[in-house]
Each structure stands twice: as structure tokens, then as C-alpha cells.
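What the coordinates show
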Amino acid sequence: MAGLEVLYTCVAKNISCPHDAVVCFVHWNIIKRGFRCIGSGDEALSSDKLSELLPTDWSENKELYSLRYKTTDKETVMLLKAIVVNSNLIFNMMNTSTQQVSQLTVDINDHVDADHLHTFERVFKDAEILSEKVATQLLSSVDTLAQQKTELKSQREVEEQKQTGEDSNHPYTSNIHPHHGINWPESIIPPFGAGGADLDPFGRHGGGTMIVDPLRTAHPRSGFNPSSGLPDILPPGAVPPLARFDPFGPPGQSGRLDPDHMPPPGFEDTFM
């Protein structure tokens, strides 16, 4: 019953008969279900506003109580009326959109102690039983509406998650990197990726590279370090460490070339 005592204390000065106490109790049950009171009477007013409290004039008419409620999303408007018939208080609650009506009859003598209207601990004879009657008879349509909204919201979330999952599993949209674009699966050739590997200077995507260094290929030349220099060609330290270097000739060979290392055909034929 959290919140009921606070509400009852706030409107205690307006409670002058057992019917007022029951209306306050029903109001609290409606507020618990996410509704807010927007005013009294049947017609909307410019002064209407969402509130958990009862309007200042809610108990002026002791024969007919009329209150209007809205959901916090402002989609549903409910009209509550309570009519006094002898010792009974008959509630009617209507959804103004669907015209669906629910009803509750409360015997005042069974649920309210008229001698202790301003003593909250004693005013309601059995608040649990009265709350159950309000929930099962008057607010059953409200609970059904709330359940339908919850199920619809859950269904939408499932569909969105399913759609998101399908998009993330699509081979042309998965694994998107902010700098390198789409990371295509190995089994799929990107339709616009022809020559793309040659545009990567470091060859991170496989294939070609803009930096062609014979010392950094798939088959490095072991034992060859250009930083140590080349005999008769470059002194030690002429090539910085890790710098790209294209050898002048086969490693291990002298840099001086033999003019006759490739004689023309028939070089030794004296008749030519």
C-alpha cells in the first residue's frame, strides 16, 4: 500500500464522508497503473495537467464523482464516474477511444469505518480485499491494455533485434572497420576490390604492395645485411638499418663487372 497513506493525508481535509474515502482509494489504484489524473468533469479544460493528486474540486458533488485520467504516454484517456446509490458506490470506467466500460460496486459499510475517516490506520476495514476487487473488476480492462502494450513493445524489440542480427550476418555488411571499410570474408571477392591490395602501401590485405623491397618478401635473403656495406661498392653504414635497399647485383659477388662476362655469339670465331 505504498503511497496510499501519503495521498490520503494530502486530501484528508476534503474527505467528509465514507464515499470520499473509497474514491480516494480507487484513485490511488489507478495511479499505481501508470495513469495520471488530468481533471474532474466530463469535458477537457485548458487547465488540465497530468498529476498524481486529485483535483481540488474532486469531492464537491457527493452524489456523482467524475474524474478523467491519461496514461503517461498520453495515448489513452479514461473517464471514471462514481454514483452513490444508498450505501453502495457504483463505479463506471470507460476508455474514451474504444468505449469499453468496466464496473465496480462497493458496499461502503463493508469496507469503510465511518467513525475513523481521518485516521488512516483504521479508515479501511480490509484494504487488501478492496484493492483486489478494484483490480479484478474495475481495472481489468486497464491491465489488459497495459499487457497488450507491453507485448507489442516486446514484439517490436524482438523484430528490431532480429533485423539487426540479419544485417550483421550479411556477408556484404559484416565486420565493417571505420578505417578500412568492409572486411570481406575470404571466400567472397569484393565486387569493387580489383587492384585494392596494390593501393595498400604495407600489403596488410594480402597480395601486392606499393613498397617492393627484395629484402622483405616472402622469401628473405638470409645472411645479407646491406647496413654492413658491400665490398668495392658501399662502405659500412651507407645503408641505414631497415632501409629499403635494392642490391646492385647478386649478393656475394664483386661490384666490378667483367666486360667479357657475356661475349657476343661467335666471339671466338676468327672468321666473323
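Throughout what follows, the structure given in this document is the object of discussion. All residue numbers refer to positions counted from 1 along the written sequence of the respective chain. Note on the predicted model: pLDDT of at least 70 is required for a residue's local features to be given, and 80 or more for side-chain atom pairs to be given and counted; whole-chain, interface and lining totals, by contrast, use all residues. Only hydrogens and water are set aside when side-chain values are computed; all heavy atoms of the structure are taken into account.

**Considering the overall build of the protein chain**
Secondary structure summary: the protein chain contains six helices and seven strands in total. Exposure is judged per residue with a 1.4 Å probe applied to protein chains only, and the accessible area is read against the type maximum: over 50% gives exposed, under 20% gives buried, and values in between give partly exposed. Burial status across the protein chain gives 29% buried among its 272 residues. We call two residues contacting when some pair of their heavy atoms lies within 4.5 Å. By sequence separation, contacts in the protein chain at least 24 residues apart represent 47% of the contacts at least 6 residues apart. We count a stretch as a helix when DSSP gives it H or I for four or more residues in a row; a strand needs E for two or more, and each element gets its number in order from the N terminus.

**Section: helix 5 (residues 127-138)**
Helices are assigned an expected span. That span is 1.5 Å times one less than the residue count. Here helix 5 contains 12 residues, and its C-alpha end-to-end distance of 16 Å stays within 8% of the 16 Å for a straight helix at 1.5 Å per residue. Taken together, the buried positions of helix 5 are Ala127, Leu130, Ser131, Val134, Ala135 and Leu138. Buried residues along helix 5 cover an arc of 135° about the axis, so they all sit on one side. Of the residues in helix 5, the exposed ones pointing more than 90 degrees away from the buried face are Glu128 and Glu132. Working definition: the arc comes from the directions between the helix axis and the C-beta atoms, pointing outward to the latter.

**Things to note about the packing of helix 2 (residues 18-32) against helix 5**
Interaxial distance between helix 2 and helix 5 falls to 10 Å at its minimum, and their mutual angle equals 60°. When the axes of helix 2 and helix 5 are compared, the pair comes out oblique. The way helix 2 lies across helix 5 gives a crossing that is right-handed. Facing Phe25, Val26, Trp28, Asn29 and Lys32 of helix 2, the residues of helix 5 in contact are Ala127, Leu130, Ser131, Val134 and Leu138. Of the residues assigned to the contact of helix 2 with helix 5, the class counts are seven nonpolar, two polar and one charged. For helices, the fitted axis covers only the stretch in contact; all axes are lines through C-alpha atoms, and the angles between them, taken along N-to-C directions, range from 0 to 180 degrees. Should an angle fall under 35 degrees it is taken as roughly parallel, and over 145 as roughly antiparallel, whereas 65 to 115 is taken as roughly perpendicular and any remaining angle as oblique. Helix crossings are classified by the rotation of the near helix relative to the far one: an anticlockwise turn of less than a right angle makes the crossing left-handed, while a clockwise turn makes it right-handed. Lys, Arg, Asp and Glu make up the charged group, whereas Ala, Val, Leu, Ile, Met, Phe, Trp, Tyr, Cys and Pro make up the nonpolar group; the residues left over, Gly among them, are polar.

**Comments concerning the pattern of salt bridges**
Every case where a carboxyl oxygen of Asp or Glu lies within 4 Å of a side-chain nitrogen of Lys or Arg is listed as a salt bridge. Taken as a whole, this structure holds four salt bridges when the rule is applied. In this structure, the salt-bridge partner of Asp20 is Lys62, at a minimum N-O distance of 2.5 Å. Of this pair, Asp20 sits in helix 2 while Lys62 sits in the loop between strand 1 (35-40) and strand 2 (64-71), and the two are 42 residues apart along the sequence. Looking at Asp20, the relative accessible area reads 0%, which means it is buried. Among the ionic pairs, Arg36 bridges to Glu52, the shortest N-O distance being 3.3 Å. Residue Arg36 is found in strand 1, and its partner Glu52 is found in the loop between strand 1 and strand 2; the two are separated by 16 residues along the sequence. Since its relative accessible area comes to 45%, Glu52 is described here as partly exposed.

**What to know about the pairing of strand 4 (residues 88-95)**
It is a general feature of regular strands that their side chains alternate between the two faces of the sheet. Only one face of strand 4 is buried, namely the one carrying Leu89, Phe91, Met93 and Asn95, since none of Asn88, Ile90, Asn92 and Met94 on the opposite face is buried. Note: two strands are recorded as paired if DSSP finds a minimum of 2 bridges between them. Where strand 3 (residues 77-85) meets strand 4, eight bridges bridge the pair, whose relative direction is antiparallel. The residue bridging Met78 from the neighbouring strand is Asn95, located in strand 4. Two successive antiparallel strands, strand 3 and strand 4, enclose a turn made up of two residues, where Asn86 displays a positive phi of approximately 55°. Pairing between strand 4 and strand 5 (residues 101-107): seven bridges, direction antiparallel. Bridge assignment links Asn88 to a residue of strand 5, and that residue is Asp107.

**Things to note about the packing of aromatic side chains**
In this description, a pair of aromatic rings is defined by centroid distance and the angle of the planes. Note on ring pairs: Phe, Tyr and Trp rings are taken, using the six-membered ring of Trp, and paired if centres are within 6.5 Å. Classes follow the plane angle, with under 30 degrees stacked, over 60 edge-to-face and the rest tilted. If you walk through the whole model with that rule in mind, you get five aromatic pairs. Both rings, one in Tyr8 and one in Phe124, keep their centres 5.8 Å apart while their planes meet at 75°; by these two values the pair is edge-to-face. Placement of the pair is Tyr8 in helix 1 (residues 4-10) and Phe124 in the loop between helix 4 (120-123) and helix 5, with a sequence separation of 116 residues. The buried category is assigned to Tyr8, whose relative accessible area is 3%.

**A closer look at a nonpolar patch on the surface**
Together, Leu64, Ile83 and Val85 make up an exposed nonpolar region whose accessible area comes to about 210 Å². Here Ile83 shows up in strand 3. The patch calculation keeps residues exceeding 30% relative accessible area without a salt bridge and links them within 9 Å when they carry like charges or within 5 Å when they are nonpolar (Val, Leu, Ile, Met, Phe, Trp, Tyr). The protein chains shown are the only cover counted for residues, whose accessible areas, like all others here, come from Shrake-Rupley with a 1.4 Å probe.

**A short note on the sheet that holds strand 5**
If you walk across this open sheet you meet the five strands as 1-2-3-4-5, and the pairing is antiparallel. Edge positions in the sheet fall to strand 1 and strand 5, since each has one partner strand and no second. Ignoring strand direction, the axes of neighbouring strands in this sheet form an average angle of 25°. The pairing of strand 1 with strand 2 spans five bridges and is classified as antiparallel. Paired with Phe35 across the two strands is Thr71, which belongs to strand 2. Helix 5 rests against strand 3, strand 4 and strand 5 of the sheet, and its axis sits at about 155° to strand 5.

Without other data, these values stay purely geometric and don't point to any function.
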